[in-house]
Amino acid sequence: MNSKPDVPWPQGLDPARIPAHVAIIMDGNGRWAKKRLLNRVRGHEKGADTVRTTVRTAREIGLSHLTLFAFSTENWQRPKGEVTALMALLKNFLLTERREMMENGIRLNILGQVHRLPDGVREAIARVTADTGHNRDMTLNLALSYGGRTELVDAARSIAEAVAAGQLDPSAVDEACMADRLYTRDMPDPDLLIRTSGEMRVSNFLLWQIAYAEIFVTETLWPDFNREEFLSILRDYQGRERRFGKVV
Ligand code: IPE
Ligand code: IPE
Ligand code: MG
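First, a word on scope: everything that follows refers to the structure included in this document.

Reading the values: the criteria
- Residues numbered from 1 in each chain as written.
- Chains lettered and ligands numbered in written order.
- Predicted model: local features only at pLDDT ≥ 70, side-chain atom pairs only at ≥ 80, totals over all residues.
- Heavy atoms only, no water.
- Salt bridge = Lys/Arg side-chain N within 4 Å of Asp/Glu carboxyl O.
- Near = heavy atom within 4 Å.
- Polar contact = N/O pair within 3.5 Å; in protein donor to acceptor, adjacent residues only side chain to side chain.
- Areas by Shrake-Rupley, 256 points an atom, 1.4 Å probe, with all protein chains shown as cover.
- 1 Å grid on protein atoms, 1.4 Å probe; cavity = no way out; pocket = protein on both sides within 12 Å on 5 of 7 lines; lining within 4 Å.
- Sits in = over half its atoms within 2 Å of the grid points.
- Helix = DSSP H or I, 4+ residues; strand = E, 2+ residues; numbered from the N terminus.
- Pairing = 2+ DSSP bridges.
- Axes fitted to C-alpha atoms, helices over the stretch in contact; angles between N-to-C directions.
- Phe/Tyr/Trp six-rings, centres within 6.5 Å; stacked < 30°, edge-to-face > 60°.
- Buried < 20%, exposed > 50% of the residue type's maximum accessible area, 1.4 Å probe, protein only.

Let's shift gears to the pattern of salt bridges. Across all of its chains, the model carries 23 salt bridges by this definition. Via salt bridges that share partners, D27, R31, R195, E199 and R201 belong to a single interconnected network.

The next thing to look at is the site of ligand 1. Surveying the vicinity of ligand 1 reveals the residues M26, D27, G28, N29, G30, R31, R40, H44, A70, N75, R78 and L86. Between ligand 1 and the protein, one listed contact pairs an oxygen atom with a side-chain N or O atom of D27 at 2.8 Å. In the complex, the protein chains occlude 87% of the 380 Å² of accessible area that ligand 1 would expose alone. Under a 2 Å grid-point criterion requiring more than half of the atoms, the pocket assigned to ligand 1 is the largest pocket. Among the secondary structure elements, those contributing two or more residues to the shell around ligand 1 are α1 (29–35) and α2 (40–60). Considering each element in turn, the shell around ligand 1 owes the most residues, three residues, to α1.

A word on the sheet that holds strand β3 (residues 106–111). Within the open sheet, the six strands sit side by side as β3-β4-β2-β1-β5-β6. Their pairing is parallel. Of all strands in the sheet, those bounded by a partner on one side alone are β3 and β6 (214–217). Strand-to-strand, the axes of this sheet are offset by a mean angle of 20°, without reference to chain direction. Bridge analysis of strand β1 (residues 21–25) against strand β2 (residues 65–72) gives five bridges, and the strand direction is parallel.

The next point concerns the packing of aromatic side chains. For the structure shown, the criterion picks out eight aromatic pairs. Both rings, one in Y146 and one in F205, keep their centres 5.8 Å apart while their planes meet at 90°; by these two values the pair is edge-to-face. Residue Y146 is found in strand β4 (residues 138–146), and its partner F205 is found in the loop between β5 (192–195) and β6; the two are separated by 59 residues along the sequence. Here F205 falls in the buried class, since its relative accessible area comes to 0%. Ring geometry for W222 versus F225: centroids 5.3 Å apart, planes at 20°, classification stacked. Members of the aromatic cluster, each reached through a chain of ring pairs, are F69, Y146, Y183 and F205.

In structure tokens form, the structure reads like this:
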């Protein structure tokens, strides 16, 4: 089960009300670079450092699931040079972080169309997911070539196939049946969705799973996002009243 690391508890956080799952749309790398008259790729490199610190903070507070949106199905339409640089960065990140994931009991899981990723990235994913597969303290989901609508279409197709094959009765199709066919099968839905760099949109991320997520949008650009801000957003989350449509 989820064991909390042996470190002092961050001030002001209620250990009894840590969300089970936090999802983050890591946005603003390009703007961070542009402000400094740098190539966008420099922003992505700096963004990778933020991923490292964010994973550490998540582990420190005993989060059981952290999902990071790293590359969307729509991001394939970016300039080839940027896509190639992002893929190289990703591969390097996976291979260099493997050891820390092992030391900290973190299991890597990918949400998305793994088959569309370049060979080198797929090999790194295969290695790190296999090595970390038995870790139980935290699941790190990286959403790669991920699109929420594609995920739902795939689930609908899988249900249709099961019905056509006579394995599933249409009257048995329910929410659990859909949830079972998503990349996040067996995981809790995100309690909190964070988006950096100020855009007020979900950009095709976890459309089904965020049905009742609390949303927090910060103006901070992803490369500037840090532990203090993450903790402060978690404190804000803990102060909210979640009603789930009921009267409380
Ligand atoms: C997020 O930063 C990283 C990816 C989408 C891969 P962006 O690259 O979208 O940065 P902005 O939005 O252009 O500033
Ligand atoms: C969402 O950011 C995707 C990721 C963070 C990986 P985008 O920058 O691609 O989203 P839009 O284009 O602003 O909606
Ligand atoms: Mg963006």
